[in-house]
Amino acid sequence: MSKVAFLGLGVMGAPMAGHLARADHQVTAYNRTAAKSARWREALSSDGIDAATAATPTEAVRDCDVVLACLGNDDDVRGVMLGDGGVFAAMKHGATFVDHTTVSPALAKELAEAAASRGLLCVDAPVSGGEAGAQNGKLAIMCGGSKDAMASATPVMEAYAARIVHVGDAGAGQTCKAINQICIAGVLAGLSEGVRMAQASGVDTDKVLEAISGGAAQSWQMENRWKTMVQDEFDFGFAIDWMRKDLAIALGQGQEAGISLPVTALVDQFYAQVQQHGGARQDTSALIRHLPEVKS
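Below: a short report on this structure. It should be emphasised that the depicted structure is a prediction, and the values quoted were computed from it without experimental measurement.

## Some remarks on the packing of aromatic side chains
Thinking step 1. On inspection of all chains with the given rule, the structure shows 1 aromatic pair.
Thinking step 2. On the numbers, 5.5 Å between centres and 80° between planes, the contact of F88 with F97 is edge-to-face.
Thinking step 3. Under the relative-accessibility criterion, F88 is labelled buried at 2%.
Thinking step 4. Above the ring of F236, the side-chain terminus of R225 is found at 4.3 Å from the ring centroid.

## Considering the packing of helix 4 (residues 74-82) against helix 6 (residues 105-117)
Thinking step 1. It is at 11 Å that the axes of helix 4 and helix 6 come closest, and there the two elements cross at 5°. Classified by the angle their axes make, helix 4 and helix 6 are roughly parallel. Counting all contacts with helix 4, which are made through D74, V77, R78, M81 and L82, the residues of helix 6 involved are L107, E110, L111 and A114.
Thinking step 2. Taken together, the residues that form the contact of helix 4 with helix 6 break down as 6 nonpolar, no polar and 3 charged.

## Points about the layout of surface pockets
Thinking step 1. In this structure, the largest pocket spans a volume of roughly 1,200 Å³.
Thinking step 2. Residue assignment for the lining of the largest pocket shows that the elements contributing at least two residues are helix 4, strand 7 (127-128), helix 7 (130-136), helix 9 (172-201), helix 11 (220-230) and helix 12 (240-257).
Thinking step 3. If you tally residues by element for the lining of the largest pocket, the top one is helix 9, at 5 residues.

## Points about the nonpolar core
Thinking step 1. By size, the foremost hydrophobic cluster in this structure holds 32 residues, and its most contacted members are F6, L68, I141, M157 and Y160.
Thinking step 2. The biggest single contributor to this core is helix 8 (residues 147-157), with 5 residues.
Thinking step 3. Residue contacts for I141: discarding those within four places in its chain leaves H100, A125, P126, V127, M157, Y160, A161, R163, I164 and V165.
Thinking step 4. Core analysis: the second largest hydrophobic core is formed by 24 residues, V77, M81, M91 and V103 among them.

## Thoughts on the environment of V208
Thinking step 1. Along the chain, the position of V208 falls in helix 10 (residues 205-212).
Thinking step 2. Sequence spacing of V208 and A198 is 10 residues, and the spatial spacing of their C-alpha atoms is 7.5 Å.
Thinking step 3. Apart from residues no more than four positions distant in its own chain, V208 is found in contact with A198, V203 and W226.

## Side note on helix 6
Thinking step 1. In a regular helix each residue adds 1.5 Å, so 13 residues correspond to 18 Å; helix 6 covers 19 Å between its end C-alpha atoms and thus fits that length.
Thinking step 2. Buried residues of helix 6: P105, L107, A108, L111, A112, A114 and A115, and no others.

## Quick word on the pattern of salt bridges
Thinking step 1. Tallied over the entire structure, the rule returns 9 salt bridges.
Thinking step 2. With a shortest N-O distance of 3.4 Å, R225 and D283 are connected by a salt bridge. Highlighted residues: R225 in helix 11 and D283 in the segment after helix 13 (262-279), separated in sequence by 58 residues.
Thinking step 3. On the accessibility criterion, R225 (12% relative accessible area) is buried.
Thinking step 4. Linked through salt bridges whose partners overlap, the residues forming this network are D75, R78 and E110.

## Overview of the pairing of strand 2 (residues 26-30)
Side-chain direction in a regular strand flips from residue to residue, so the side chains alternate between the two faces of the sheet.
Thinking step 1. For strand 2, the buried fraction is high: 4 of the 5 residues fall into the buried class.
Thinking step 2. Bridge count between strand 1 (residues 3-7) and strand 2: 5 bridges; the pairing is parallel. Looking at strand 2, one finds that L7 is bridged to Y30.
Thinking step 3. Pairing of strand 2 with strand 3 (residues 52-53), which is carried by 2 bridges, proceeds in the parallel orientation. When the sheet's bridge partners are listed, T28 is paired in strand 3 with A52.
Thinking step 4. Regarding topology, helix 2 (residues 34-46) serves as the crossover connection from strand 2 to the parallel strand 3, and that connection is right-handed.

Conventions we followed
- Residues numbered from 1 in each chain as written.
- Predicted model: local features only at pLDDT ≥ 70, side-chain atom pairs only at ≥ 80, totals over all residues.
- Heavy atoms only, no water.
- Phe/Tyr/Trp six-rings, centres within 6.5 Å; stacked < 30°, edge-to-face > 60°.
- Buried < 20%, exposed > 50% of the residue type's maximum accessible area, 1.4 Å probe, protein only.
- Lys NZ or Arg CZ within 6 Å of the ring centre and 35° of its normal.
- Axes fitted to C-alpha atoms, helices over the stretch in contact; angles between N-to-C directions.
- Helix = DSSP H or I, 4+ residues; strand = E, 2+ residues; numbered from the N terminus.
- Parallel < 35°, antiparallel > 145°, perpendicular 65-115°, else oblique.
- Contact = heavy atoms within 4.5 Å.
- Nonpolar A, V, L, I, M, F, W, Y, C, P; charged D, E, K, R; others polar.
- 1 Å grid on protein atoms, 1.4 Å probe; cavity = no way out; pocket = protein on both sides within 12 Å on 5 of 7 lines; lining within 4 Å.
- Points joined across faces, edges and corners; volume = space filled by probe spheres on them.
- Core = buried A, V, L, I, M, F, W, Y, C linked by side-chain atoms within 4.5 Å.
- Expected span 1.5 Å × (residues − 1).
- Salt bridge = Lys/Arg side-chain N within 4 Å of Asp/Glu carboxyl O.
- Pairing = 2+ DSSP bridges.
- Right-handed = clockwise from strand over helix to strand, strands pointing away.

Dropping the structure here:
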């Protein structure tokens, strides 16, 4: 087993780091809010699992074979990894950095270059599967980086992954995640209209789900979010604020590639409307809230 550090114990990071400890890796975790680190360690301790926490990121990564991060955005990652007294400067020669944060492909390439200059390996490895996937250890991980970096990172990531795909060189994982979010946005837009149509028509929404989820309309979002959208429940972890951050990356990628993403741009505007009406921290399925409620 490896000696690893995990930076960021949020909705996704805390269960991922927990899976690493349960898989017998030697884990040291860091979170900006110390109380959250303490709760994470206590929860594992109550299950008889030993893990450590550190007061600073550089303390956490000292002598680690693999350093993993699940932070907020480009600025957060750049500041922690490359800033004054940053993590890269504290990592031992030959160690591997795995970034599970969804950031821009440009930053992923910048990190890979900075890592290589210090004798480090680097994988951009954004995830999909949401809070449930993190808790159940069933995340899909899309990766960019060298074969050597993947060989080092994969045995560690297997602790919380259902699927790990090496998409290509540095930045390819983040490009794949942008495509993932484009696809989710379109599916949720159609699903929102489908739910509202069912409600407005007065049909049994459970029967509609039973009928159409067995055919070509089926999707993960339909299976997991149709009923909760009908019930106006949106507390499932991946917030609209984060989705809009991701869609901004996707739209920027489209612009750089010279392609139009009209559906993605429209869905982003719909999400902005939901944000303005208090939905910023609600799950992405709250997209339905941009459509008027149906009077029963």
